[in-house]
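Below are the chains, spelled out letter by letter.
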Amino acid sequence: MCNMTFEEPCGDNATERMDTVEKALEEVLTAALPQGCITVGVYEAAKSLNVDPDNVVLCLLATDEEDVKDVALQIHFTLIQAFCCENDINILRVNNMRRLAEILEGVKPGGESMDLHCVLVTNPQSSTWKDPALSKLNRFCRDSRGLDQWVPVINLPER
C-alpha cells in the first residue's frame, strides 16, 4: 500500500493541493449520491466491477486504524486494486470512514450501518458524466501514478 500525501514531492503548496483534492472528492460523492451512482460494500462493488467495469469512474477503498489488521479485508482490497488497475479505473484510499459515512449518509433505512470499505462511483445511466471535481480527482490519480503512487491516500477532514 502506498501512502500518497504530496507533502514531500510538492513542497509548500502540498496542504492546499490536498485540500482541493479532498473537496473534489466530497463534491463528486455528493453529486453522485442523488443520481444513484454510488455502490457501497466490498461484495456489492466486486459484483458491479464484474458486470460492468467500463461504467465505473472511481473506486474508493476506505479504512480506519483497526481495519489495517483485518487480513481478509486487505486481501479483498488487493484483488479490487488489481482489477481496477487492469481496467484503468482510478483508485483512492480514504482514511476517516466516519466522515465518509457522513458524506454518503451512511445508514440504511433500518438504521443499520453500511459497509463503506469499498465505494464505487459510476456513470449515470443516461450519459457520460462530465464533472470538474471528477476531472480534478482523475488528474490527481494520473499525477500520482506518474510518481509511482498507484493508490494515493486521502485523509478526509472532520467537519
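See the structure printed just above.
All values derive from a computational prediction rather than experimental measurement. (Residues numbered from 1 in each chain as written. Predicted model: local features only at pLDDT ≥ 70, side-chain atom pairs only at ≥ 80, totals over all residues. Heavy atoms only, no water.)

Asks: I tried to follow the overall build of the protein on my own but got confused; where do I start?
Replies: In terms of regular secondary structure, the protein is built from 6 helices and 5 strands. Each helix and strand of the protein, placed in order from N terminus to C terminus, yields the pattern α-α-β-α-β-α-β-α-β-α-β. In the protein, buried positions account for 46% of the 159 residues. Sequence separation of at least 24 residues holds for 81% of the intrachain contacts in the protein that already meet a minimum separation of 6. Surface exposure of the protein reaches about 8,800 Å², of which carbon and sulfur atoms provide 49%. (Helix = DSSP H or I, 4+ residues; strand = E, 2+ residues; numbered from the N terminus. Buried < 20%, exposed > 50% of the residue type's maximum accessible area, 1.4 Å probe, protein only. Contact = heavy atoms within 4.5 Å. Areas by Shrake-Rupley, 256 points an atom, 1.4 Å probe, with all protein chains shown as cover.)

Asks: Explain the environment of Val151 here, please?
Replies: Residue position: Val151 is located in the loop between helix H6 (132-146) and strand E5 (153-155). Along the sequence, Val151 and Cys85 sit 66 residues apart, while their C-alpha atoms lie 9.6 Å from each other.

Asks: Help me understand unusual backbone geometry in this model?
Replies: Most peptide bonds are trans, and most residues other than glycine sit at a negative phi. Phi is positive for Asp88, which is not a glycine, with a value near 55°. Its place among the elements puts Asp88 in the loop between helix H4 (71-86) and strand E3 (91-95). Look at Asp88 and you get exposed, because its relative accessible area is 72%.

Asks: Can you walk me through a positive patch on the surface in this structure?
Replies: A contiguous patch of positive charge on the surface is contributed by Lys23, Lys136, Arg139 and Arg142. Ranked by residue count, the leading element in the positive patch is H6, at 3 residues. By the element assignment, Arg139 lies in helix H6. (Patch = residues over 30% accessible without salt bridge, like charges linked within 9 Å, V, L, I, M, F, W, Y side chains within 5 Å. Salt bridge = Lys/Arg side-chain N within 4 Å of Asp/Glu carboxyl O. Lys, Arg positive; Asp, Glu negative; His and termini not counted. Charge placed at Lys NZ, Arg CZ, Asp CG, Glu CD.)

Asks: Help me understand the nonpolar core in this model?
Replies: Grouped burial of nonpolar side chains is what soluble globular proteins tend to show. Ranked by internal contacts, the top residues of the largest apolar core, which has 29 residues, are Leu25, Leu29, Leu60, Leu92 and Leu100. Secondary-structure elements contributing two or more residues to this core are helix H2 (14-32), strand E1 (38-40), strand E2 (56-63), E3, helix H5 (97-103), strand E4 (118-122) and H6. Counting residues per element, this core draws most heavily on H2, at 6 residues. If we ignore the near neighbours within four places in the chain, the residues touching Leu25 are Leu58, Leu60, Leu92, Val94, Leu137, Ile154 and Leu156. Counting residues in each nonpolar core, the second largest holds 15 residues, with Val42, Ala45, Leu49 and Ile89 among its members. (Core = buried A, V, L, I, M, F, W, Y, C linked by side-chain atoms within 4.5 Å.)

Asks: What am I meant to see in the pairing of E3 here?
Replies: The two faces of a sheet get side chains in turn, since along a regular strand they alternate between them. Burial of E3 is extensive: 4 of the 5 residues sit out of reach of the surface. Bridging between E2 and E3 involves 5 bridges; their strand directions are parallel. From the neighbouring strand, Ala62 faces E3, where its bridge partner is Val94. As judged from the 3 bridges shared by E3 and E5, these two strands associate in the parallel manner. Of the residues in E5, the one forming a bridge with Asn95 is Asn155. (Pairing = 2+ DSSP bridges.)

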